[in-house]
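Examining the three-dimensional arrangement
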Amino acid sequence: MTLFLAFVTSVLVSMALIPPLMKVARRLRVVDRPEKRKIHVGEIPRVGGIAMFVAAALPIVAWAGDEPRVLGLLSGMAIVFLFGVWDDGRNLDYRLKFLGQFAAVLVAVFYGGVLIRYLPLFGDTPLPMGLAVPLTVFVLLGITNAINLSDGLDGLAAGITMMSLGAIALFALFSGQTTVLLMAVAVIGAIVGFIRFNTHPASIFMGDGGSQFLGFTAGALSILLTQHPSALYSYALPLVILALPILDTLGVMGQRLYEGRSPFRADKNHIHHRLLKLGLYHHEAVFTLYVLQAALFVSACGLRYESDLLVMAFFILFCVAALGFLYWAGVRRWRLHRHFARTAAGRTREYRWQRFEARLFHGLLLLVALATAAYVLGGGWLASPVPRDVALMALAMLAVLVVTFVRRHGQPLGWIERAMVYVTVCMAAYF
């Protein structure tokens, strides 16, 4: 019940805060303006991170705020978030932004209990504190910036991080780490409330405040998950959970150093940029990366109890395969939609491809609808016992829904019917 309330609270708070924040974004000077490196048109508010942080922090404080380590970790999250918001409004020098991240990591290490004491391939031999602390600082800074750098397309960073946190929450449930589970669920709820405004074409961005907050949280929770004595998971498991942002950062930084440029100088060589260069549309590039992250989620589930060597080998194989395909496609000048419109045959292929995309999209919507209906019906059927007053209320709502549906002749439901659907889902989840 605590998890359900934490999730619902964070979703509702995130969704409720975004509209008013969008109205004051220009006054606060936190808007994203178009430039050469960016692909959006017009000014977009960068206040999504504010809504997500507040929405996630409220249930964490409410249900786990009495734990000193939670408050320490939450303090680190607040520091990195505030420096990110400051950067959104003032475009800070990267050194000052790095200083804020460094301070947040130190707070998480010394007051939040985030510490890498055990390394892959070294068994259960703990590292001395003189090595564990700088290693943790380096890893957490790297993951924070990896998620930050992946925030380049509508819904991309939010969706990938949500799936990564979903894996962390699932593994925390298996190992009985209730605090990690609660924090992951709270942040997932905040992302769910935000991402409905961030899907393409986005009406709001999360900004550096949001992306750094998500990266810092995902990195810290993945460390807490695998370093806990009761977990028994591979110490290399975070490599699979966060493989996409790690690969993207390593690839971009490596290319910049190879070309003799500063590794901190922004460019358009990220994985999502390279997918766009291969001819994928915006939504196709995001969907492709979602599929890859979902495959990594499933792989992490299968590899969680395997040896560190096998997990690291899988991560290396994934990186080689992904970078190898991008290199091959770039050399061969492969394009997904090449010459579609130039000939009659090309236009036919384009039409068939669009039909396939439409069918895929509607198929996914149908899958979600059927899964939701099955969950509600299954919850209602298996719930026992159900109080008489609740059963009568459910019958009354069913009658109202049937009557309004018939009178509307299949038109979209109004706010009254939507409210009843919401109450129904809550009751099914509760019972």
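Quick notes on a nonpolar patch on the surface
A contiguous nonpolar patch, built from M1, L5, W63, V386, Y430 and F431 and spanning about 560 Å² of accessible area, is present on the exposed surface. Following the sequence through the fold, F431 ends up in the segment after helix 16 (415-430). Taking relative accessible area as the criterion, F431 reaches 36% and is therefore assigned partly exposed.

Quick notes on the confidence of the model for the protein chain
Taken as a whole, the protein chain shows an average pLDDT of 86; of its residues, 93% reach a score of 70 or greater. Taken element by element, the protein chain is modelled with least confidence in strand 1 (residues 31-32), mean pLDDT 74, and with most confidence in helix 9 (residues 237-241), mean pLDDT 94.

Let's talk about the nonpolar core
Ranked by size, the top nonpolar core spans 102 residues in total, and within it L73, M77, F171, F213, F216, L221 and I241 carry the most contacts. The element contributing the most residues to this core is helix 7 (residues 178-198), with 14 residues. With sequence-adjacent residues up to four places away left out, F171 is seen in contact with L225, Y233, L237, I241, A300, C301 and R304.

As for the pattern of salt bridges
When the charged atoms of two side chains lie near each other, side chains of opposite charge can form a pair. Inspection of the entire model under this criterion finds four salt bridges. Note that D208 and R46 form a salt bridge whose closest N and O atoms lie 3.9 Å from each other. With D208 in helix 8 (residues 207-227) and R46 in the loop between strand 2 (44-45) and helix 2 (48-64), this pair connects stretches of sequence that are 162 residues apart. When sorted by exposure, D208 lands in the same class as R46, which is buried. A salt bridge links K97 to D87, with the shortest nitrogen-to-oxygen separation between them at 3.4 Å. Residue K97 is located in helix 4 (residues 94-111), and its partner D87 is located in helix 3 (residues 68-90); the two are separated by 10 residues in the primary sequence. Here the salt bridges do not stand alone but share partners, grouping R46, D87, D88, K97 and D208 into one network.

A word on the packing of helix 6 (residues 156-175) against helix 7
Axis separation between helix 6 and helix 7 bottoms out at 9 Å; the angle between their running directions is 155 degrees. The angle between helix 6 and helix 7 places the two elements in the roughly antiparallel class. For the crossing formed where helix 6 meets helix 7, the hand is left-handed. Facing helix 6, whose interface residues are A158, G159, T161, M162, L165, G166, I168, A169, A172 and L173, helix 7 presents V180, L181, A184, V185, V187, I188, I191, V192, F194, I195 and N198. Among the residues forming the contact of helix 6 with helix 7, the class breakdown is 17 nonpolar, four polar and no charged.

Rules and cut-offs
Residues numbered from 1 in each chain as written. Predicted model: local features only at pLDDT ≥ 70, side-chain atom pairs only at ≥ 80, totals over all residues. Heavy atoms only, no water. Patch = residues over 30% accessible without salt bridge, like charges linked within 9 Å, V, L, I, M, F, W, Y side chains within 5 Å. Areas by Shrake-Rupley, 256 points an atom, 1.4 Å probe, with all protein chains shown as cover. Salt bridge = Lys/Arg side-chain N within 4 Å of Asp/Glu carboxyl O. Helix = DSSP H or I, 4+ residues; strand = E, 2+ residues; numbered from the N terminus. Buried < 20%, exposed > 50% of the residue type's maximum accessible area, 1.4 Å probe, protein only. pLDDT = per-residue confidence, 0-100. Core = buried A, V, L, I, M, F, W, Y, C linked by side-chain atoms within 4.5 Å. Contact = heavy atoms within 4.5 Å. Axes fitted to C-alpha atoms, helices over the stretch in contact; angles between N-to-C directions. Parallel < 35°, antiparallel > 145°, perpendicular 65-115°, else oblique. Left-handed = near helix turned anticlockwise from the far one by under 90°. Nonpolar A, V, L, I, M, F, W, Y, C, P; charged D, E, K, R; others polar.

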